[in-house]
Amino acid sequence: MGLSLDRMALDDVGANPARIAGAIHNQLKDVKGAVPVFEVAMALDILDIRIEPLTTFEGALVTTAERGEGSILLNKNASRQRQRFTAGHELLHFLSPIHRPTSEDGFWCSRADMTERRLDAQDLHQRQEAEANVFAIELLAPRSYIKPYLRRAPSLGAVMEMASSLDISKEAAARRYVECHGETLAVVFSRNGRVLYFDVARDFPRLALGKGMSLPKLTGGSDETPLGAMEEVPSDDWLSTPSGVEMEAQTLQQQNGYAMTLLHVLADEDDEDMGIEDAYDRFTRSRS
Ligand SMILES: [Zn+2]
């Protein structure tokens with residue numbers, strides 16, 4: 001038995017991608033863990049999901065301007081977790097009342113489109129891609145599902161658990177984690193020690209990094225133990241204006257030279273919401 005969802009009910013929520021995802025979750029009440037995104041799409045007038053080898057594109061939605069029905073195409077060369085994200089992404093192109101096809105037969109989305117973040121971009125295509133990404137992560141990792149991971153102190157261990165229980169990529173999980181965790185976090189994605197891109201929490205200080213730059217010396221993470229420990233790092237290696245900020249970092253080495261580094265800026269000493277225990281900890285530490 002497939003899922004049964006009411007597409008008409010989604011029309012009432014408007015064009016906000018997070019609200020559309022929320023309206024789907026309202027209908028998916030009993031689902032726990034990995035969201036069955038393919039079944040969700042099929043229950044909302046997607047006729048088929050084809051997985052084929054693609055080179056320039058990561059996914060596509062083949063449809064008409066009216067979007068009465070559609071087909072989703074996913075890249076066979078991508079992992080299942082990436083395919084799931086892409087399916088969610090394509091589904092918003094299908095559901096959003098304000099998205100406009102960017103080609104004659106629908107929407108064709110590249111690998112770069114899957115990380116587009118500029119919701120306020122002037123360019124319609126970029127804006128649509130950014131919205132599709134918001135929708136995909138809200139659908140696959142809703143805040144209510146990830147709460148348990150956010151209650152603990154920041155760590156890539158929690159990111160890895162989150163990725164496996166929700167069946168999303170570690171990259172997508174890390175970005176969602178940084179976005180939703182209450183602490184001041186950033187995640188830097190790199191390959192062979194050079195920055196690919198990074199994602200920062202709203203209140204994270206300006207990073208002294210740019211695409212292609214070498215990373216500061218990484219803390220731990222090796223072939224034998226891919227996940228390093230969370231360790232204190234000098235903030236002037238990482239920040240534009242470090243001004244005595246205390247920082248820690250943890251690195252996960254992945255395959256083919258890829259790595260991700262979680263950065264955590266510790267609260268200031270005069271931070272108002274710092275608890276008494278923290279203050280005591282800090283006091284004793286500074287004397288030792
Ligand atoms: Zn797209």
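It should be emphasised that the depicted structure is a prediction, and the values quoted were computed from it without experimental measurement. (Residues numbered from 1 in each chain as written. Predicted model: local features only at pLDDT ≥ 70, side-chain atom pairs only at ≥ 80, totals over all residues. Heavy atoms only, no water.)

Draft legend 1. How the structure looks around the domain arrangement of the protein chain. By domain assignment, the protein chain separates into domain 1 (7-140) and domain 2 (146-265). Distance between the C-alpha centres of domain 1 and domain 2: 27 Å. If you look at the interface, domain 1 gives 14 residues, while domain 2 gives 11 residues. Taken over both partners, the interface formed by domain 1 and domain 2 buries close to 1,200 Å², and the fraction arising from carbon and sulfur atoms is 44%. Three residues stand out in domain 1 for area buried against domain 2, namely Gln-81, Arg-117 and Ile-137, and they jointly supply 41% of the buried area on that side. Run the count over domain 1 and domain 2 and you get 8 residue pairs in polar contact (both at pLDDT 80 or more). Mapped onto the side of domain 1 that touches domain 2, the elements with two or more residues apiece are α4 (80-95) and α5 (124-140). Sorting elements by how many residues they give to the side of domain 1 that touches domain 2 places α4 first, with 5 residues. In terms of residue class, the side of domain 1 that touches domain 2 is built from 5 nonpolar, 3 polar and 6 charged. (Domains from an automatic or database assignment. Contact = heavy atoms within 4.5 Å. Buried area = accessible area lost by both parts, 1.4 Å probe. Polar contact = N/O pair within 3.5 Å; in protein donor to acceptor, adjacent residues only side chain to side chain. Helix = DSSP H or I, 4+ residues; strand = E, 2+ residues; numbered from the N terminus. Nonpolar A, V, L, I, M, F, W, Y, C, P; charged D, E, K, R; others polar.)

Draft legend 2. Focus on the packing of helix α6 (residues 143-150) against helix α8 (residues 170-180). Where α6 contacts α8, the two axes come as close as 11 Å, and the packing angle between them is 80°. Here α6 is positioned roughly perpendicular relative to α8, judged by the angle of their axes. Here α6 contributes Arg-143, Ile-146, Tyr-149 and Leu-150 to the contact with α8, which in turn contributes Arg-176, Tyr-177, Glu-179 and Cys-180. (Axes fitted to C-alpha atoms, helices over the stretch in contact; angles between N-to-C directions. Parallel < 35°, antiparallel > 145°, perpendicular 65-115°, else oblique.)

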